[in-house]
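Here is what each chain is made of, one letter per residue.
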Amino acid sequence: MAGKNSNATSPGGTLPLLGWITNALKNSIYYKSIFVATSTETENDELMKFARQYEVHIFRGSEDDVFSRFNLIARNNDFDTIIRLTGDNPILDIKVLDNAIDYHLSSGAQYTITKGLPIGMNFEIIDVNSFINIDPDSLTIEEKEHVTLHMRSSGNFNIREYIPYPNIDYNKIRLTIDYPTDFIVVSCLISIGEYLNMKPGLGLIDYCIKNYPWLFEVNQQNHQKTNYKNLQEEWVRAEPILEKFEFKRIISLLKEKV
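Calculation rules
- Residues numbered from 1 in each chain as written.
- Predicted model: local features only at pLDDT ≥ 70, side-chain atom pairs only at ≥ 80, totals over all residues.
- Heavy atoms only, no water.
- Core = buried A, V, L, I, M, F, W, Y, C linked by side-chain atoms within 4.5 Å.
- Buried < 20%, exposed > 50% of the residue type's maximum accessible area, 1.4 Å probe, protein only.
- Helix = DSSP H or I, 4+ residues; strand = E, 2+ residues; numbered from the N terminus.
- Pairing = 2+ DSSP bridges.
- Axes fitted to C-alpha atoms, helices over the stretch in contact; angles between N-to-C directions.
- Contact = heavy atoms within 4.5 Å.

As for the nonpolar core
- Grouped together as the largest cluster of nonpolar side chains are 42 residues, with contacts concentrated most on Ile-91, Phe-123, Leu-175, Leu-189, Ile-205 and Phe-216.
- Elements with a contribution of two residues or more to this core: α1 (17–25), α2 (46–54), α4 (94–107), α8 (180–196) and α9 (202–211).
- The dominant element in this core, judged by the number of residues it contributes, is α1, at six residues.
- In terms of nonpolar packing, the next biggest core, distinct from the first, is built from 20 residues, Val-66, Phe-70, Ile-132 and Phe-157 among them.

Some thoughts on the sheet that holds strand β6 (residues 159–162)
- Taken together, the four strands give an open sheet; going across it, the order is β3-β5-β4-β6, and neighbouring strands pair in mixed fashion. The open sheet is flanked by β3 (81–84) and β6, the only strands paired with a single partner. With direction set aside, neighbouring strand axes in the sheet form an average angle of 20°.
- Relative to strand β5 (residues 124–127), strand β4 (residues 111–114) runs antiparallel, the two being bridged by three bridges. Its bridge partner lying in β5, Tyr-111 is registered against Ile-126.
- Strands β3, β4, β5 and β6 of the sheet are contacted by α4, whose axis makes an angle of about 150° with β6.

Here is the structure:
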């Protein structure tokens, strides 16, 4: 797990962001070890305390070469499979996680990514042998920063997508934390869950969609940072944003370039 916001103040008032993730992971039938992969920057010293308190491992490495952090963890531990989650995405549905791992293992995939979940709830499943055989010296700066970019874009790996609920559209719900309004939404969601004694997950989200649909409108204007493979992908995302703010001449100019 990794994320610059992972030691942020708790949503809901009882746990730090990483606390929600680690507590959920310990309920997985596949739970073995949890590593917090962070950098050696002093701003992350607080995570040492978190690791001791929540009895999880911590690995500290390069600030920019995030790939190397995961690579060293994978090489130095007896793992067949790694689940990659990020510290700014505190909502995790363990039933979906376990089912996705079942799918990944039975399919023989080297890399599996979930799709169709709320923004901030998707995760990645990585075959360790495939991952550690990647030559670090062949990676671009961008591939070193974004751990699985090479696996996703090189065309050299058996990649699968796991879509747990293909008939339900969760894609407009935003549960990652990049902006203050994101924090408000997740805080409210977790607080409702604590009041109802419901664990964070799709069941709680479905309840809030039905009873508090306005909640998920609070952060709908926030831009989701994404690592795009090419100019065409960036344009698909950028065009509706430009249209919304009526940048008609810029749209016309860019259409000639794309």
